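# Topology and contacts: notes
Here are the chains, one letter per residue:
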Amino acid sequence: AQAVPGALLPVDAGDGAVPSLLLRQDEQLELLERLDFVVRNVVELRKEVEELRNSLQHLAVEIVGEVRTHLEETQRMTRRKKFTFPRERSDSTGSSSIYFTASSGNANTDDGESEGGYSTANAESDYDRESERESEDDMSCDTVRTVRRDSLDLVPEDESPLLLDSSVEEGLGQLLEQADRLHSGDERDKREGFQLLLNNKLAYAGQQEFLWRLARAHSDMWELTEDADERRSYAIGGKEELELALQKWDQSAECHQWFAILCGQVSEYESIPKRIQAGYIFKEHIDKAIALKPQDPQLYYLLGRWCYQVAHLGWLEKRTVSALFEVPPTATVQDALQNFLRVEELSPGFSKAGRVYIAKCYRDLGNASAAVLWMDLASELPGNTKEDAESERELEEMRS
């Protein structure tokens with residue numbers, strides 16, 4: 001009875017009354033409207049919280065940038081002081097010749113009343129002030145260096161990247177393992193994984209394995225989001241993360257792979273010339289990733305997709321390519337087929353979409369029997385992703 005709302009009890013019921021779980025139709029409608037109102041507010045609140053977290057993340061990046069600017073200015077001032085204070089008074093606005101003239105006894109200060117020995121005595125007090133300021137600057141530099149280490153692109157020039165101690169390394173390992181597990185899950189898991197990585201960005205932004213996973217999570221959010229502006233924002237955010245990463249880790253296959261994917265996702269909202277230019281970048285980074293990791297079936301699948309799309313460029317796109325580029329990208333359906341077959345060679349049944357592409361390639365090449373065979377093989381695999389669901393629709397169209 002305690003779990004049942006009081007509105008379900010008769011008005012004149014006593015303490016021992018048994019609650020009735022039956023509601024009139026109008027009461028049911030009212031209750032449903034209230035529940036719908038609550039659900040809508042919860043959804044809006046979650047969106048506002050996510051926007052707030054993203055805003056805080058951008059604010060943190062801006063703060064680190066300002067700290068870096070302050071540090072560089074402080075270091076320049078420190079170097080200037082170290083080399084100039086033995087021969088220049090702190091309150092002098094002239095050249096060093098004024099200092100030496102005053103030391104010899106001539107009146108060359110601003111008020112014209114300096115006499116011999118004045119500069120020597122004043123230099124001693126200046127030296128004390130300079131020493132105090134220099135020690136304060138050193139302390140400031142040490143503090144700012146600590147902040148700089150929290151960002152990927154703010155490692156001091158004269159220091160090597162920080163090495164993780166055993167406890168921090170263990171924490172990073174657990175975080176990456178959890179991120180991989182969530183990436184392989186459903187929509188809710190992927191959203192949770194994205195937020196998990198964002199929450200730990202300041203702690204691990206200088207780690208290669210963390211950063212490409214964060215970019216991968218941006219790509220996941222791009223796939224899960226329906227709004228065009230939000231999708232573009234996620235893709236651009238992940239791409240920017242990897243632009244910084246590739247400056248340090250050009251030998252990371254994963255960085256090249258996800259940079260290529262995010263470039264393709266960003267280009268979906270661009271003009272035809274920009275999409276074609278993004279295609280060049282995509283191919284360049286996929287080739288680099290394959291050179292670094294030649295046994296990864298995902299890379300050959302992506303290259304096969306690129307070849308298939310280039311082989312089926314429309315008339316307008318081909319004209320645009322010819323007008324803008326001296327050497328237009330070239331690929332054939334046969335090139336795409338070889339890459340998709342390579343995927344099956346490395347990992348049989350790697351994806352439903354991959355087998356559908358093999359069937360489409362054979363269809364385009366006029367081999368109907370091979371196309372039907374691979375259509376049947378594709379039907380045997382479950383659809384785990386949104387791309388697999390689209391492939392299932394393509395299968396139905398091909399069968400019809």
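Fair warning: this is a prediction, and the values are worked out from it, not measured in the lab.

### Quick notes on the overall build of the chain
If you tally the helices and strands in the chain, you get 16 helices and zero strands. Counting the 400 residues in the chain, one finds 34% classified as buried. Here the analysis covers contacts within the chain between residues at least 6 apart in sequence; of these, 61% occur between residues at least 24 apart. Here the chain displays about 24,600 Å² of accessible surface, and carbon together with sulfur accounts for 51% of that area.

### Here we look at the side chain of K360
Within the secondary structure layout, K360 lies in helix 14 (residues 352-364). Only 3.4 Å separates the side chain of K360 from the side chain of E394, close enough to count as a polar contact. Leaving out residues up to four positions away in the same chain, K360 has contacts with Y308, E394 and M398.

### Quick notes on empty space enclosed by the protein
In total, this model carries one cavity of 30 Å³ or more according to the counting rule given. One number sums up the size of the largest cavity: a volume of about 60 Å³. Together, A179, L182, H183, K190, G193, F194, L197, R213, R216, A217 and D220 line the largest cavity. Mapped onto the lining of the largest cavity, the elements with two or more residues apiece are helix 4 (166-183), helix 5 (187-199) and helix 7 (208-224). A per-class count over the lining of the largest cavity returns five nonpolar, two polar and four charged.

### Examining the UniProt feature "coiled-coil region" (unreviewed entry) in the chain
Under the present numbering, the feature "coiled-coil region" (unreviewed entry) in UniProt falls on residues 35-62. With 100% helix and 0% strand, residues 35-62 has its two end C-alpha atoms placed 41 Å apart.

### Brief notes about the confidence of the model for the chain
Per-residue pLDDT for the chain has a mean of 76; in total, 71% of the residues score no lower than 70. Per-element confidence in the chain ranges from a low mean pLDDT of 31 for helix 2 (residues 96-103) to a high of 97 for helix 13 (residues 333-346). Predicted confidence is poor over residues 1-13, with pLDDT under 50, and the contacts of this stretch with residues over four places away or in other chains come to eight contacts.

### As for the pattern of salt bridges
The tally for this structure, following the rule as stated, stands at 19 salt bridges. Close ionic contact of D287 with K283 constitutes a salt bridge, the shortest N to O distance being 2.7 Å. In this pair, D287 and K283 both sit in helix 10 (residues 272-292), four residues apart, roughly one turn of the helix. Look at D287 and you get partly exposed, because its relative accessible area is 32%.

### Notes on the packing of aromatic side chains
Overall, the coordinates contain six aromatic pairs when judged by the stated rule. Seen in terms of ring centroids, F340 and Y357 are 5.0 Å apart; in terms of plane orientation they differ by 15°. Their pairing is stacked. On the criterion of sequence distance, the pair formed by F340 in helix 13 and Y357 in helix 14 is long-range, its members being 17 residues apart. Since its relative accessible area comes to 2%, F340 is described here as buried.

### Some words on helix 15 (residues 368-379)
For helix 15, built from twelve residues, the straight-helix expectation of 16 Å at 1.5 Å per residue is met to within 8% by its first-to-last C-alpha distance of 17 Å. Elements that come into contact with the buried residues of helix 15 comprise helix 13, helix 14 and helix 16 (386-399).

### Considerations on helix 10
Between its first and last C-alpha, helix 10 extends 30 Å over 21 residues, near the 30 Å set by a 1.5 Å rise per residue. The set of residues buried in helix 10 consists of I272, I276, A278, G279, F282, H285, I286, A289 and I290. Considering only its buried residues, helix 10 is in contact with helix 8 (228-248), helix 9 (253-267), helix 11 (297-311) and helix 12 (315-324).

### What about the nonpolar core?
Residues F210, L242 and I286 are the most contacted members of the largest nonpolar core, which totals 67 residues. With residues up to four places along the chain from it excluded, the contact list for I286 reads A260, L299, L302 and L303.

### Describing a negative patch on the surface
Among the surface-exposed residues, E44, E48, E51, D227, D229 and E230 lie close enough to one another that they form a single negatively charged patch. Taken together, the elements giving at least two residues each to the negative patch come down to helix 1 (25-84) and helix 8. No other element matches helix 1, which puts three residues into the negative patch. Note on placement: E44 falls in helix 1.

### Focus on the side chain of Q265
Turning to its location among the elements, Q265 is positioned in helix 9. Given the relative accessible area of 5%, Q265 is considered buried. Setting aside anything within four residues of it in sequence, one finds Q265 in contact with S219, W222, E223 and A235.

### Some words on the state of the cysteines
If you walk through the whole model with that rule in mind, you get zero disulfides. With no disulfide of its own, C361 lies 9.3 Å from the sulfur of C307, the closest cysteine sulfur. On the basis of relative accessible area, C361 is assigned to the buried category, the value being 0%.

Calculation rules
- Residues numbered from 1 in each chain as written.
- Predicted model: local features only at pLDDT ≥ 70, side-chain atom pairs only at ≥ 80, totals over all residues.
- Heavy atoms only, no water.
- Helix = DSSP H or I, 4+ residues; strand = E, 2+ residues; numbered from the N terminus.
- Buried < 20%, exposed > 50% of the residue type's maximum accessible area, 1.4 Å probe, protein only.
- Contact = heavy atoms within 4.5 Å.
- Areas by Shrake-Rupley, 256 points an atom, 1.4 Å probe, with all protein chains shown as cover.
- Polar contact = N/O pair within 3.5 Å; in protein donor to acceptor, adjacent residues only side chain to side chain.
- 1 Å grid on protein atoms, 1.4 Å probe; cavity = no way out; pocket = protein on both sides within 12 Å on 5 of 7 lines; lining within 4 Å.
- Points joined across faces, edges and corners; volume = space filled by probe spheres on them.
- Nonpolar A, V, L, I, M, F, W, Y, C, P; charged D, E, K, R; others polar.
- UniProt positions renumbered as here; feature names shortened; annotations may be inferred.
- pLDDT = per-residue confidence, 0-100.
- Salt bridge = Lys/Arg side-chain N within 4 Å of Asp/Glu carboxyl O.
- Phe/Tyr/Trp six-rings, centres within 6.5 Å; stacked < 30°, edge-to-face > 60°.
- Expected span 1.5 Å × (residues − 1).
- Core = buried A, V, L, I, M, F, W, Y, C linked by side-chain atoms within 4.5 Å.
- Patch = residues over 30% accessible without salt bridge, like charges linked within 9 Å, V, L, I, M, F, W, Y side chains within 5 Å.
- Lys, Arg positive; Asp, Glu negative; His and termini not counted.
- Charge placed at Lys NZ, Arg CZ, Asp CG, Glu CD.
- Disulfide = S-S within 2.5 Å.

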